[in-house]
Amino acid sequence: MDIEIRKLSTDLLDDWLYYFDHVAFTDNKEWSCCYCIHYHWKQAFEDEWKKTGTADLRGCAVKLINEGIMQGYLAYHGGQVVGWCNANDKQVYDTVHAKIYRDKQGEGKKIKAIVCFIVAPDMRGQGIASRLLERVCGDAADESYDYLEAYPNHGGADRDYHGPLSMYGKNGFGVHCDSDGYTVVRKYF
């Protein structure tokens, strides 16, 4: 299958929005409003939430992309986005630090975190998440990160948006520890 992986940029914002608005969650309407923003909670909309009790998640995502805070990779097939991976420096993910895994031994290290994969429903099971992960790994090494870290969920396939543990093992990650319903995996460079 011909898959092209592109790093998210403001030039690709319209593609990213179309994917989230019309493709990513056609099989799960409950999640259609997420815009992959959960792990950026504080930076994204805490002030807005405090003022109004609601937040424009789509607008917050656009703001974070335009500011370079939300980063990641888009997978294209036939000129259309068919997958997304949210990956960036661990320090930008407020929820990772607050709820998932805080590691004092990682202080002073340059750590890239992978927090989400979203593959189009009709394209799942075809290796797209693995292709996205391979690109993240290559770029993290080129960008002089000390290691990559990811957080596969304990649980069934409906919780695989962090990527399945087996995919990480096939890509050279090792289990670091378990933390509150997640397995923390790392790949060192």
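Residues numbered from 1 in each chain as written. Predicted model: local features only at pLDDT ≥ 70, side-chain atom pairs only at ≥ 80, totals over all residues. Heavy atoms only, no water.

1. A few points about the packing of aromatic side chains
Phase 1: If you walk through the whole model with that rule in mind, you get 11 aromatic pairs.
Phase 2: Relative to Tyr-35, the ring of Phe-20 lies with its centre 5.9 Å away and its plane at 25°, an arrangement referred to as stacked. With Phe-20 in helix α1 (residues 13-22) and Tyr-35 in the loop between α1 and α2 (41-52), this pair connects stretches of sequence that are 15 residues apart. The pair Phe-20 / Tyr-35 is uniform in exposure class, with both members buried.
Phase 3: Here Trp-31 and Tyr-161 contribute two aromatic rings whose centre-to-centre distance is 5.3 Å and whose plane-to-plane angle is 90°, an arrangement assigned as edge-to-face. On the criterion of sequence distance, the pair formed by Trp-31 in the loop between α1 and α2 and Tyr-161 in the loop between β5 (147-150) and α6 (165-170) is long-range, its members being 130 residues apart.
Phase 4: Grouping aromatic residues by their ring pairs yields a cluster made of Trp-16, Tyr-19, Phe-20, Phe-25, Tyr-35 and Trp-84.
Phase 5: Its end group placed over the ring of Tyr-76, Arg-6 keeps NZ or CZ at 3.9 Å from the ring centre.
Phase 6: Residue placement shows Lys-110 over the ring face of Tyr-145; its charged tip is 4.6 Å from the ring centre. (Phe/Tyr/Trp six-rings, centres within 6.5 Å; stacked < 30°, edge-to-face > 60°. Helix = DSSP H or I, 4+ residues; strand = E, 2+ residues; numbered from the N terminus. Buried < 20%, exposed > 50% of the residue type's maximum accessible area, 1.4 Å probe, protein only. Lys NZ or Arg CZ within 6 Å of the ring centre and 35° of its normal.)

2. Let's talk about the sheet that holds strand β3 (residues 80-89)
Phase 1: In spatial order, the strands read β1-β2-β3-β4-β5-β7-β6; together these seven strands make up an open sheet with mixed pairing. Each edge of the open sheet is held by one strand with a lone partner, namely β1 (4-7) and β6 (174-179). Going from strand to strand, the sheet's axes swing by 25° on average, the running direction of each strand aside.
Phase 2: With seven bridges joining them, β3 and strand β4 (residues 111-119) adopt antiparallel strand pairing. Counted as the bridge partner of Asp-89 is Lys-112 from β4.
Phase 3: α1 rests against β1, β2 (72-77), β3 and β4 of the sheet, and its axis sits at about 110° to β3.
Phase 4: Along the sheet, helix α5 (residues 128-142) contacts β1, β2, β3, β4, β5 and β7 (182-188); its crossing angle with β4, the most-contacted strand, is approximately 160°. (Pairing = 2+ DSSP bridges. Axes fitted to C-alpha atoms, helices over the stretch in contact; angles between N-to-C directions. Contact = heavy atoms within 4.5 Å.)

3. Examining α1
Phase 1: Taken together, the buried positions of α1 are occupied by Leu-13, Trp-16, Leu-17, Tyr-19 and Phe-20. All buried residues of α1 fall inside an arc of 160° around its axis, so they share one side.
Phase 2: On its buried face, α1 is in contact with α3 (57-66), β2, β3 and β4. (Arc of directions from axis to C-beta.)

4. Brief notes about the nonpolar core
Phase 1: The biggest cluster of nonpolar side chains holds 61 residues, and the ones touching the most others in it are Trp-16, Phe-20, Trp-84, Ile-114, Phe-117, Ile-118 and Tyr-168.
Phase 2: Among residues more than four places away in sequence, those in contact with Ile-114 are Cys-85, Asn-86, Ala-87, Leu-133, Val-136, Leu-148, Glu-149, Ala-150, Tyr-151, Tyr-168 and Phe-173. (Core = buried A, V, L, I, M, F, W, Y, C linked by side-chain atoms within 4.5 Å.)

5. Thoughts on the pattern of salt bridges
Phase 1: Summed over the entire model, instances satisfying the criterion amount to nine salt bridges.
Phase 2: For Glu-149, the salt bridge is made with Arg-186, and the minimal N-O distance between the two is 2.8 Å. Here the residue Glu-149 occupies a position in strand β5, and Arg-186 occupies one in strand β7, the gap between them amounting to 37 residues. For the residue pair Glu-149 and Arg-186, the accessibility class agrees, reading buried in each case.
Phase 3: Within this structure, Lys-7, Lys-112 and Glu-143 form a network of salt bridges that share partners. (Salt bridge = Lys/Arg side-chain N within 4 Å of Asp/Glu carboxyl O.)

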